[in-house]
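A closer look at the structure
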Amino acid sequence: MAFDPQLTSMIVPLEEVARIEDVLTRLVDETGGNHSLLLDKSGQVIASRGDANRQDTTALGALIAGTFASSREVAKLLREKEFKMLFQQGVRENLFIALIGDQWILTIIFNKETHIGLVKVLVKKASEELLGVLGRVRQNRRMRDDVLGGNFRTSMEDTIDLLFRD
Amino acid sequence: MALINVAAREIHCKIVYYGPGMGGKTTNLQYIHSQIPQTTKTDLLSIATETERTLFFDFLPLDLGKVRGFQTRFHLYTVPGQVLYDRTRVAVLSGADGVVFVADSRRDKLEENVNSLKELARNVQKMGKRFQDFPLVLQYNKRDLPNALSVPIMDKYLNPLHWTRCEASATTGAGVFDTLRVISKLVIGKL
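Since this is a predicted model, take the numbers as computed values, not measurements.

1. Looking at the overall build of chain B
- Helix and strand counts for chain B stand at five helices and eight strands.
- Each helix and strand of chain B, placed in order from N terminus to C terminus, yields the pattern β-β-α-β-β-β-α-β-α-β-α-β-α.
- Based on the C-alpha atoms only, the size of chain B along its principal axes is roughly 50 × 35 × 30 Å.
- Burial analysis of chain B (191 residues in total) assigns 53% to the buried set.

2. With respect to the sheet that holds strand β6 (residues 104-111) of chain A
Residue and element names in this part refer to chain A.
- Strand order in this open sheet of five strands is β3-β2-β6-β5-β4, and the pairing throughout is antiparallel. Each edge of the open sheet is held by one strand with a lone partner, namely β3 (45-50) and β4 (85-89). Here the average twist between neighbouring strands, direction ignored, is 15°.
- Pairing geometry for strand β2 (residues 35-40) and β3, over five bridges, is antiparallel. Across the sheet, L38 pairs through a bridge with A47, a residue of β3.
- Set on the sheet, helix α2 (residues 57-77) makes contact with β2, β3, β4, β5 (93-100) and β6; between it and β2 the angle comes to about 65°.
- Contacts from helix α3 (residues 116-139) reach β2, β4, β5 and β6, with the element oriented near 155° to β6.

3. Let's talk about the environment of R49 of chain A
All names here are of chain A.
- Locating R49 in the fold gives a position in strand β3.
- Considered as a pair, R49 and R26 are 23 residues apart in the sequence and their alpha carbons are 9.4 Å apart.
- Beyond its immediate chain neighbours, meaning those up to four positions away, R49 contacts E21, L24, T25, V28 and S36.

4. Overview of the interface of chain B and chain A
- Facing the 46 residues of chain B at the interface are 43 residues of chain A.
- Every element with two or more residues in the side of chain B that touches chain A is listed here: β1 (2-5), β2 (10-18), β4 (54-67), β5 (70-78), α2 (86-93) and α5 (176-189) of chain B.
- It is α5 of chain B that provides the largest number of residues to the side of chain B that touches chain A, a total of seven residues.
- Of the residues that constitute the side of chain B that touches chain A, the class distribution is 23 nonpolar, 14 polar and nine charged.
- As judged from the four bridges shared by strand β1 (residues 9-12) of chain A and β1 of chain B, these two strands associate in the parallel manner. Bridge assignment links V12 of chain A to a residue of β1 of chain B, and that residue is N5 of chain B.

Conventions adopted
- Residues numbered from 1 in each chain as written.
- Chains lettered and ligands numbered in written order.
- Predicted model: local features only at pLDDT ≥ 70, side-chain atom pairs only at ≥ 80, totals over all residues.
- Helix = DSSP H or I, 4+ residues; strand = E, 2+ residues; numbered from the N terminus.
- Buried ≥ 20, exposed ≤ 12 C-beta atoms within 10 Å, placed from the backbone.
- Pairing = 2+ DSSP bridges.
- Axes fitted to C-alpha atoms, helices over the stretch in contact; angles between N-to-C directions.
- Contact = placed C-beta atoms within 7 Å.
- Nonpolar A, V, L, I, M, F, W, Y, C, P; charged D, E, K, R; others polar.

What follows is the structure in structure tokens.
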């Protein structure tokens, strides 16, 4: 079944999150990298593995997704379909970013001890596995109420009324 | 699109403040950031020029705490308003669950508002979504200014689809939380 763009939420089930975390952990271990993140293209962090002290993943997610979205527009101006990978080189840390099936963004942070060639090969391998996960998540037809419970919306509205006021 | 992570029991939603330049999008986020309880907010992140115009986006993550066992996060973004930055707006809009259209009520800004709203409709359609079904709230900002257009005139040009609209003055904070409440509920309703 084709992916329906009108769907407003993507539900990532327990077992798929575990698989994603396995892939990220392996990627960090095998590359000797510091941290790996899987983001939705909207900038939300789906999973994050590596340096447990990292407190800034939410901001990182927003900025990396912004970088990727911006590069997509650059690609269009160059009449290129898209840039599948991005590499940002720092003095201490480097960032390698790969697009997973037009929906997710895989990021690995690593230092100069790790060779970029190795990162590319292992990211490609990880991307293929994550593409499989994405395919299954998109097929997931579980209803929102099965996951959140029927009263979720009312409770959420009460919380919104409580918090968002002058 | 909203993301429901069953393992981490988290829900993430993305709301984008859209509209013409100097309309008060960033001011909306700054006011929310200044008023929200410490437990709910984190830092407001801005990618702006030296003259404080938004270059790429502002980003404010809000943590609403646990609702029925799910940690709920709203990520608020603004786009740069200047006409030149259409491509940047497309980039920030990517994956948005809802939009607050911040219209500038000043008399000489009507045309800019209309053009910006038309552009938004195009950009939402480019994401493969039907604009008429997309969660959207209109905010008529700068109501406190003496040259503000009347609400019926603004409705005539900006609100043919009868979205909920809020009158606001983002510098004083009037209407800012009303707007946020309405868009939040719309987005949650579409989960």
